[in-house]
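Architecture at a glance
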Amino acid sequence: MPPRSRGSLVAGSVGNFIEWYEFGVYGWFATIIAARFFDPAGTGGAEALVKTYASFALAFFFRPVGAALFGRIGDRAGRRPTLILVILLMTGATTLIGLLPTYATLGAAAPWMLTLLRAVQGLSAGGEFGGAVSVMTECAPPGRRGLYGAWQSFTVALGLLGGAGVAALLATILTQDQLEGWGWRVPFLLTLPMGLGALWLRLRLEETPSFRRQEAARSVAAAPRKAPHPVTAAPGEAARAIVLAAGRLMGWSAAGYTFLVVLPSYLQSSLNASFRQALVATVLGNLGFAATILPAGALSDRVGRRAVMVAGAALAVLLAFPLLGVLRDPSTGAVAKGLAVFAAGAVVGLMAGPGPAMLAEMFPTHVRYTGLGLAYALSNAVFSGCAGLIVTWTIERTGSVDVPAYYVAATCAVSALALATLPGDGHRHALRD
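Reading the values: the criteria
Residues numbered from 1 in each chain as written. Predicted model: local features only at pLDDT ≥ 70, side-chain atom pairs only at ≥ 80, totals over all residues. Heavy atoms only, no water. Core = buried A, V, L, I, M, F, W, Y, C linked by side-chain atoms within 4.5 Å. Buried < 20%, exposed > 50% of the residue type's maximum accessible area, 1.4 Å probe, protein only. Helix = DSSP H or I, 4+ residues; strand = E, 2+ residues; numbered from the N terminus. Contact = heavy atoms within 4.5 Å. Axes fitted to C-alpha atoms, helices over the stretch in contact; angles between N-to-C directions. Parallel < 35°, antiparallel > 145°, perpendicular 65-115°, else oblique. Left-handed = near helix turned anticlockwise from the far one by under 90°. Nonpolar A, V, L, I, M, F, W, Y, C, P; charged D, E, K, R; others polar. Patch = residues over 30% accessible without salt bridge, like charges linked within 9 Å, V, L, I, M, F, W, Y side chains within 5 Å. Areas by Shrake-Rupley, 256 points an atom, 1.4 Å probe, with all protein chains shown as cover. Salt bridge = Lys/Arg side-chain N within 4 Å of Asp/Glu carboxyl O. pLDDT = per-residue confidence, 0-100. Phe/Tyr/Trp six-rings, centres within 6.5 Å; stacked < 30°, edge-to-face > 60°. 1 Å grid on protein atoms, 1.4 Å probe; cavity = no way out; pocket = protein on both sides within 12 Å on 5 of 7 lines; lining within 4 Å. Points joined across faces, edges and corners; volume = space filled by probe spheres on them. Polar contact = N/O pair within 3.5 Å; in protein donor to acceptor, adjacent residues only side chain to side chain. Expected span 1.5 Å × (residues − 1). Bend = angle between axes of the 7 residues up to and from the residue.

Notes on the nonpolar core
Core analysis: the biggest nonpolar cluster contains 108 residues, and F29, F37, L114, F289, M358, L359 and F363 have the highest contact counts within it. When residues of this core are assigned to their parent elements, the largest contribution, 15 residues, is made by helix 14 (residues 235–271). Not counting residues within four places of it along the chain, the set of residues in contact with F363 comprises A241, I242, A245, R368, G371, L372 and R432. The next biggest cluster of nonpolar side chains, apart from the first, holds seven residues, and it includes F70, L83, L205 and Y369.

Shown next, in the form of structure tokens:
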């Protein structure tokens, strides 16, 4: 692997790791956060959990804002300075969550401050994906764009696993009172040293060849007006591409967060699992997710993005109800349940592996950061950020424990149709300048 390519993978991946580590931690500690910030009466009801997931969803709805803001900066000023800025914002906001006083100490201001920090996280996360994927795919050698882009998704899995590992360790060595009193803060505070390490790596990052070519072309033109920003030059075309890309991602977004992040709270609130059992299930699901991401990305370099991603979406539709049935059946053994959550994660990995390269191939260099970032942010805002809120609220209102399966099957069915419109040979062509 050339040094520049290796450096782009590491510098791009580290921010994704931190981002998804934190978002995973928030999901896994949702019940504790609900009690500390949204349940001053100590009732422990579903309403507090719904409010917690509403705060969770709000951060996702700030992602498109961050994607548009930082995407424009990244397409104008470069990938490197923009990625440095977003890692600083993410690290600062996450660290402050770990220091934030609870409702018992600060009163009604506590949930509002938590929500504000989540909004800052959403802004920075919105600027992270587009830059990281642009760096990885623009520095990839010919014929390996799918594999290089898959590292973005792979570090998502590593981040979720890292957060689950820290949460499981704390749940093992601390008492329940310690965990609920101060232990939940530790995973958030650990972001500070990780963020400083990521900052050091990104300060050493070189700008991508694609962006340098774009800058050279602008210099030759000698007039910025001759190289307009495509979003403003052709808004209709750009908007259609972003909506189509979001549709292609919706199954990955919905299934990923339902199986990998919402699952712990679902198991606890609907299936009466313990906190430790829910964490074990989540770790197995994320191991399955991690196991298929890189192979799926590499396979898409051979057979195309369409074939691999449609297969993943179709499998999610077919397996959603059987997998949930295995988890719900009290007569099913622990091994079978473990295999079920592992398989659920593996199916998501088939979509997540080729996904970043697929997005990069949809947009030219001068709008790639903005275009793919907005598509990803919009899809995640609607179908990931709302997953916990939709599932929890619907279960509360209907009493049906099959809601997660309906949600996954419906979104993946629509996504499969959108993915079927992908060109079969897009992986063979160079990225558009």
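Description of the packing of helix 7 (residues 109–138) against helix 8 (residues 145–173)
When two helices pack together, their arrangement is given by the angle between their axes and by how far apart the axes lie. Two elements in contact, helix 7 and helix 8, have axes whose closest approach is 8 Å; the angle formed by their N-to-C orientations is 150°. It follows that helix 7 is roughly antiparallel to helix 8 by the angle criterion. Crossing angle aside, the handedness with which helix 7 passes helix 8 is right-handed. Along the contact surface, helix 7 presents F129, V133, M136 and T137, while helix 8 presents R145, Y148, G149, W151 and Q152. Across the contact of helix 7 with helix 8, the residue classes break down as five nonpolar, three polar and one charged.

So, the packing of helix 20 (residues 387–398) against helix 21 (residues 403–419)
Where helix 20 contacts helix 21, the two axes come as close as 9 Å, and the packing angle between them is 135°. Judged by the inter-axis angle, helix 20 sits oblique to helix 21. Considering how the two elements wind past one another, helix 20 and helix 21 form a crossing that is right-handed. From helix 20, A387, I390, V391, T394, I395 and T398 reach across to helix 21, where they touch V403, P404 and Y407. Of the residues contributing to the contact of helix 20 with helix 21, the split by class is seven nonpolar, two polar and no charged.

A short note on a nonpolar patch on the surface
There is a patch of nonpolar side chains on the surface, built from L69, I73, L85 and L89 and spanning about 300 Å² of accessible area. Elements with a minimum of two residues in the nonpolar patch: helix 4 (63–77) and helix 5 (79–99). Mapped onto the elements of the fold, L85 is located in helix 5.

Quick look at the confidence of the model for the chain
Confidence in the prediction of the chain, expressed as mean pLDDT, is 85, and 90% of residues score 70 or more. Note on residues 226–233: pLDDT under 50 across the span, and 16 contacts to partners over four residues away in sequence or across chains.

A look at the pattern of salt bridges
In the structure shown here, the tally under the stated rule is 12 salt bridges. For the salt bridge of E19 with R63, the shortest nitrogen-to-oxygen distance reads 2.8 Å. Linking E19 in helix 1 (residues 3–28) with R63 in helix 4, this pair joins segments that are 44 residues apart in sequence. An identical accessibility class is assigned to E19 and R63; each is buried.

Brief notes about the packing of aromatic side chains
Per the stated rule, a full pass over the model turns up eight aromatic pairs. Plain terms: the ring middles of F129 and Y376 are 3.5 Å apart, the flat faces sit at 5° to each other, and that makes the pair stacked. Placement of the pair is F129 in helix 7 and Y376 in helix 19 (residues 365–384), with a sequence separation of 247 residues. The pair formed by F129 and Y376 is uniform in burial state, with each residue classed as buried.

Some remarks on the layout of surface pockets
In this structure, the second largest pocket encloses a volume near 340 Å³. Taken together, 15 residues form the lining of the second largest pocket, with L267, A273, Q277, L327 and K337 sitting closest to its centre. Elements that contribute at least two residues to the lining of the second largest pocket include exactly helix 14, helix 15 (275–303), helix 16 (305–328) and helix 17 (334–352). The leading source of residues in the lining of the second largest pocket is helix 15, at four residues. A breakdown of the residues in the lining of the second largest pocket according to their chemical character gives nine nonpolar, three polar and three charged.

Quick notes on the side chain of S153
Position of S153 among the secondary structure elements: in helix 8. Among the polar contacts made by the side chain of S153, one reaches the side chain of Q152 at a distance of 3.5 Å.

Considerations on helix 16
Compared with an ideal rise of 1.5 Å per residue, which puts 24 residues at 34 Å, helix 16 spans 34 Å between its outermost C-alpha atoms and is within 8% of the ideal. At L319, helix 16 shows its maximal bend, which comes to roughly 45°, and the proline P322 appears one to four places after that position.

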